[in-house]
Each structure stands twice: as structure tokens, then as C-alpha cells.
Amino acid sequence: MATSRLIAIALLLTVHAVRADELPPPAYQLAAHDANVPSTVLFAIALQESGARLRGRLRPWPWTLNIAGSPYRFANRQTACHALLQALARYDAKRVDAGLGQINLGYHGQHFSSPCEALEPYRNLAVTAALLQEHHAVTGDWVSAAGRYHRPAGGTLAARYRAGFARQLERLQVSSKEGTPP
């Protein structure tokens, strides 16, 4: 009996280890599917917006804030939520971005029932994907949609963002074809 439990636990851990390296991860695939966005596009946006080096690899970090132009990463949602509420008390909401997709709460806060809901990874990804789809409907191109996602007004900042996003997307597409982590 104990041996079969150990085997079952080992198999379960193996399955989770394989899924942990799956790119894009399942949460991104689900949110992208629901919004009719390619999952690699959604994952590339999250890497571009909230990416952090963890164990030598770039990974999106869900408890990332950008407050008045300065990025902050927190160990957990509770700490990030506390910092987010303090930031909103101190700054205009248009100067605060939150979560995996770094959604600006001044322009898109209405998509959340509370500011801290923007730090809930699945909800943040759903909103990010929906916003990307809106921009794609206007541009017809995912790289251009990514530029508008970051800076709808366009200009130099949007062009620089498009270039970085295109590099992320290309890297993901190559990694996916080769079956290697980016």
C-alpha cells in the first residue's frame, strides 16, 4: 500500500514538473483561449511587463507593481496589495500598474471589483488578454496590438515596446518549436 502511494506521488510530482516547464503555462493558454489571443502573445506580454529573473530564467511575477515609473516586486499578494493601496492613496491611479500584465488602474481599474483584485493572477491575465484582443481588432497585428497595449498614444515608447515584445515573442516561438525553455 505504501509503495503504491509513493509511486502515485512520484507520478503526480513528475506531471507537475512537466507542466511547470510548459510554455506558455496552462493559465496563459486558458486566458488566451477565452479571449481569442495566441497564448504566446499573452505570455510574451507578461514577460515584457512583469518579467523577473528567477533561477536564471525570465518569468512573469504576479505581485509586481509599477508606481510612478518605478517597478516593485513583492513576495506575496498580501504585501503587494498593501503597497498597492498605499500607492493609490498617494498617487493618481493613472500612475499605478499592477500584476502580470501591469494593467494601469487609472485607465482600466473598472475591470476589477477592487484594486487588489488586479493582483489575482487569473483575473489579471483575463483582463490583459481582453485588452490585447481590443487592440488587435483595431490593428490586425499582434505586435502593433502589443505596442498599443503598452502605450495607446503611440510614439517612441510604443515603438521601443513593440521591438522588445517582438524579441520576446520570437524567443518564445523558437523555444516552443525546439521544445526548450526560453
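You'll find the chain entered in an unreviewed UniProt entry as Lytic transglycosylase, with Pseudomonas asgharzadehiana given as the organism.

(A) Examining the nonpolar core more closely. Counting residues in each nonpolar core, the largest one holds 45 residues, and the members touching the most others are V37, L42, L65, L119, L132 and F165. Of all the secondary-structure elements, those providing two or more residues to this core are helix 2 (26-35), helix 3 (39-50), strand 3 (64-67), helix 4 (77-90), strand 5 (96-98), helix 6 (121-139), helix 7 (142-150) and helix 8 (155-178). For this core, the element with the highest residue contribution is helix 3, accounting for seven residues. Beyond its immediate chain neighbours, meaning those up to four positions away, V37 contacts A32, L42, A129, L132, Q133 and W142.

(B) Main features of the packing of helix 2 against helix 6. Close contact between helix 2 and helix 6 brings their axes to 9 Å; oriented N to C, the two are set at 40 degrees. In terms of axis orientation, helix 2 runs oblique to helix 6. Handedness of the helix 2/helix 6 crossing: right-handed. Where helix 2 approaches helix 6, its residues A27, Y28, A31 and A35 are matched on the opposing element by Y122, L125, A126, A129, A130 and Q133. For the contact of helix 2 with helix 6, a count of residues per class yields nine nonpolar, one polar and no charged.

(C) Region of interest: unusual backbone geometry. Positive phi, normally seen in glycine, also occurs at N36, with a value near 60 degrees. As for its placement among the helices and strands, N36 is situated in the loop between helix 2 and helix 3. On the basis of relative accessibility, which here comes to 62%, the residue N36 falls in the exposed class. Positive phi, normally seen in glycine, also occurs at A68, with a value near 50 degrees. Structurally, A68 can be placed in the loop between strand 3 and strand 4 (70-73). Of the residues examined, A68 reaches a relative accessible area of 24% and is grouped as partly exposed.

Rules used in this analysis
Residues numbered from 1 in each chain as written. Predicted model: local features only at pLDDT ≥ 70, side-chain atom pairs only at ≥ 80, totals over all residues. Heavy atoms only, no water. Core = buried A, V, L, I, M, F, W, Y, C linked by side-chain atoms within 4.5 Å. Buried < 20%, exposed > 50% of the residue type's maximum accessible area, 1.4 Å probe, protein only. Helix = DSSP H or I, 4+ residues; strand = E, 2+ residues; numbered from the N terminus. Contact = heavy atoms within 4.5 Å. Axes fitted to C-alpha atoms, helices over the stretch in contact; angles between N-to-C directions. Parallel < 35°, antiparallel > 145°, perpendicular 65-115°, else oblique. Left-handed = near helix turned anticlockwise from the far one by under 90°. Nonpolar A, V, L, I, M, F, W, Y, C, P; charged D, E, K, R; others polar.

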